[in-house]
Amino acid sequence: MALPKKKTSKSRKNMRRSHDHVDTPNVVLCKCGEPVLSHRACSACGNYKDRQALTPANA
């Protein structure tokens, strides 16, 4: 079985892993003021793109 000739340094290992992070979610404010993930209907008021998509959860 093949083995590496030299140890991979922490710097080289971390440079290789630089793209393995989790992106932060894009949060926008709904017209009602609640934070909502973009391209999702608001769970508080049920609006999506200026129309009523869902019935409000608190109604």
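Computed from a predicted structure; not experimentally measured.

**Digging into the environment of Thr8**
Thinking step 1. Within the secondary structure layout, Thr8 lies in the segment before helix H1 (10–16).
Thinking step 2. If we skip the residues at most four places from it in the chain, Thr8 touches Lys13 and Arg16.

**A look at the confidence of the model for the protein chain**
Thinking step 1. When pLDDT is averaged across the protein chain, the result is 89; 95% of the residues are at 70 or more.
Thinking step 2. At the level of individual helices and strands, the protein chain shows its lowest average pLDDT in strand S4 (residues 51–52), which scores 86, and its highest in H1, which scores 95.

**Description of the environment of Lys5**
Thinking step 1. On the secondary structure map, Lys5 appears in the segment before H1.
Thinking step 2. For Lys5, a relative accessible area of 83% translates into the label exposed.
Thinking step 3. For the pair Lys5 and Ala44, spaced 39 residues apart in sequence, the C-alpha to C-alpha distance is 58 Å.

**What to know about the pattern of salt bridges**
Thinking step 1. Counted under the stated rule, the structure contains 1 salt bridge.
Thinking step 2. The partner of Lys31 in a salt bridge is Asp50, with the nearest N and O atoms 2.8 Å apart. In this pair, Lys31 is assigned in the loop between strand S1 (27–29) and strand S2 (35–37) and Asp50 in the loop between strand S3 (47–48) and S4, connecting sequence segments 19 residues apart. An identical accessibility class is assigned to Lys31 and Asp50; each is exposed.

Criteria and cut-off values
- Residues numbered from 1 in each chain as written.
- Predicted model: local features only at pLDDT ≥ 70, side-chain atom pairs only at ≥ 80, totals over all residues.
- Heavy atoms only, no water.
- Helix = DSSP H or I, 4+ residues; strand = E, 2+ residues; numbered from the N terminus.
- Contact = heavy atoms within 4.5 Å.
- pLDDT = per-residue confidence, 0-100.
- Buried < 20%, exposed > 50% of the residue type's maximum accessible area, 1.4 Å probe, protein only.
- Salt bridge = Lys/Arg side-chain N within 4 Å of Asp/Glu carboxyl O.

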